[in-house]
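Per-entry structural report
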Amino acid sequence: KQTILQLAVMGKLVPQDPNDEPASELLKRIAKERARLEADGKIKKSKPVPPVTENESPFKVSRGWEWVLLDAVAEKITDGEHISPSKAKSGMLLLTAKHVLESGVSFDDPQFVAKEDGVRFRQRCDPSIGDVLICSRGTIGRCCVVTNAITFCLMGSVILVRSLPLLVPSYLNFFLKSNVGQNFIRGATKGMAVNALYLKDIRQCAVPLPPLAEQHRIVAKVDELMALCDRLKSDLTESRTRQDRLATTLIDSALKAA
């Protein structure tokens, strides 16, 4: 699976199409979209994000791709509540890093806060469909995409990244799970007194940006191959189970015969 992800984010998993709009043009459209959202008051105005230099890029990207800092292609990067709130028996769901799984957001064994507290917490961090969640404490770097419309709030052990419309969330999720993304996260947390991933660091994560059409092709191919890997793993597990049962039966027969 790591090989699949690595090939995907290096532009080696699906063929490039010379007719695709290059990422350099995509970045111009992203900048216009950011300016529009700022002018409409939907997001806060931000300082210009510097380009990624050649020394800062982990590898040479494919033709039509560009390296870009995550801060330049994100509508919002924030985290959940930092002060542990009073819990309630019901109200709004309060999730933590343990609920952010590789397979998606888990709603098993949740905590609750009063609805009015949850509404207040969501003014800062409002998880929605398409947001990428990253564990910043515990299993640092574990991440997933929100795919469920259930309303919940988060503790500060989770970072939320909401990409601008021209960056496909699933592609960003795959990048963060790849060796390149995980190496950045490990480097950002190394040497800290308390192991944690901070907002200022994830903002500076360099992301290889493909053309938009290629992002969709990459996501479709990764999903297809990951499903194949899961089927192969299941088949291998069943095969080993059958072999173990056969071995046990043969041994039992041999002992009875003796």
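Scroll up to find the structure this text is about.
The written sequence of each chain sets the order in which its residues are numbered from 1. In view of the model being predicted, local features appear only for residues whose pLDDT reaches at least 70, and side-chain atom pairs are presented and counted only at 80 or more, with totals across whole chains, interfaces and linings using the full set of residues. The side-chain values count all of the structure's non-hydrogen atoms but skip hydrogen atoms and water molecules.

What to know about the overall build of the protein chain
Within the protein chain one finds seven helices and 11 strands. When the backbone C-alpha atoms are referred to their principal axes, the protein chain occupies close to 85 × 55 × 35 Å. Any two residues whose heavy atoms approach within 4.5 Å are treated as being in contact. Residue pairs at least 24 apart in sequence account for 75% of intrachain contacts in the protein chain once pairs closer than 6 positions are excluded. Just so you have it, the protein chain exposes about 14,500 Å², and 54% of that area is on carbon and sulfur atoms. Averaged over its 37 positive side-chain charges, the protein chain has a centre that lies 3 Å from the centre of its 30 negative ones. Strands are runs of DSSP state E lasting at least 2 residues, helices are runs of H or I lasting at least 4, and numbering of each runs from the N terminus. Methods summary: accessible areas were calculated by the Shrake-Rupley approach with a probe of 1.4 Å, and residue burial reflects only the protein chains presented. Positive charges come from Lys and Arg alone, negative charges from Asp and Glu alone, with His and the N- and C-terminal ends not counted. Charge positions are represented by NZ for Lys, CZ for Arg, CG for Asp and CD for Glu.

Quick look at the nonpolar core
The biggest cluster of nonpolar side chains holds 52 residues, and the ones touching the most others in it are Leu 70, Ile 134, Val 161, Tyr 171 and Val 222. With five residues, helix α4 (residues 169–177) is the single largest residue contributor to this core. Tyr 171 has contacts with Val 9, Trp 65, Val 207, Pro 208, Pro 210, Gln 215, Ile 218 and Val 219, leaving out every residue within four places of it along the chain. In these notes, a set of buried Ala, Val, Leu, Ile, Met, Phe, Trp, Tyr and Cys residues joined through side-chain atoms within 4.5 Å is what counts as a nonpolar core. A simple rule labels every residue: compare its accessible area, found with a 1.4 Å probe on the protein chains alone, to the largest value its type can have, and call it buried under 20%, exposed over 50%, or partly exposed in between. In terms of nonpolar packing, the next biggest core, distinct from the first, is built from 13 residues, Leu 93, Leu 95, Leu 133 and Phe 152 among them.

The values are spatial; any link to function lies outside them.
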